[in-house]
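Coordinates in review
What follows is the residue order along each chain.
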Amino acid sequence: MIPHEIAIGDVFLPPLLVAAFLGLLATIVTAHLLNRYRLSRYLYNPPLAFIAMVTIYTVLIGTFLIRI
């Protein structure tokens, strides 16, 4: 039951695009929380950590929620 595309309205999207978008949204929320509680100051390179979190969230969402 692996979807080949996801239909949103009448537009068909690849599952990896949906997983990447959800991963980006989850990373934005996480980065906002890290900045709010001043935990991002412990990161050596925050932009690199942002890209790493996007990748990790995309893989996790694609694996467990969307099943790419």
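The text that follows walks through the structure, step by step, so that each part is easy to find. The structure displayed is predicted, hence computed values, not measured ones. (Residues numbered from 1 in each chain as written. Predicted model: local features only at pLDDT ≥ 70, side-chain atom pairs only at ≥ 80, totals over all residues. Heavy atoms only, no water.)

Topic: unusual backbone geometry
What counts, and what does not: Secondary structure is summarised from DSSP: a helix means a run of H or I of at least four residues, a strand means a run of E of at least two, and numbering begins at the N terminus for each. The rule is simple: take the accessible area with a 1.4 Å probe, protein chains only, and divide by the maximum for that residue type; under 20% is buried, over 50% is exposed, in between is partly exposed.
One non-glycine residue, Arg38, lies in the positive phi region at around 55°. Residue position: Arg38 is located in the loop between α1 (15-36) and α2 (46-66). Classification of Arg38 as exposed rests on a relative accessible area of 52%.

Structural notes on the side chain of Thr58
Threshold: A 3.5 Å cut-off defines polar contacts: any pair of N or O atoms within that distance qualifies, except that in protein one atom must be a possible hydrogen donor and the other a possible acceptor, and neighbouring residues in sequence count only when both atoms are side-chain atoms. For this analysis, residues touch if any pair of their heavy atoms sits within 4.5 Å.
Relative to the helices and strands, Thr58 is located in helix α2. Of the polar contacts made by the side chain of Thr58, one reaches the backbone oxygen of Val54; its length is 2.7 Å. When neighbours within four sequence positions are excluded, Thr58 is seen to be in contact with Leu16, Ala19, Ala20 and Gly23.

Topic: the environment of Leu24
Inspection of the secondary structure assignment puts Leu24 in helix α1. Owing to a relative accessible area of 33%, Leu24 belongs among the partly exposed residues under this scheme. In this structure, the C-alpha to C-alpha distance between Leu24 and Gly62, residues 38 residues apart in sequence, is 12 Å. Those residues in contact with Leu24 that sit more than four places away from it in its chain are Phe50 and Val54.

Focus: the side chain of Thr30
Looking at where Thr30 falls in the secondary structure, it is placed in helix α1. Within polar-contact distance, the side chain of Thr30 engages the side chain of Tyr57 at 2.9 Å. Apart from the residues within four sequence positions on either side, Thr30 is in contact with Met53 and Tyr57.

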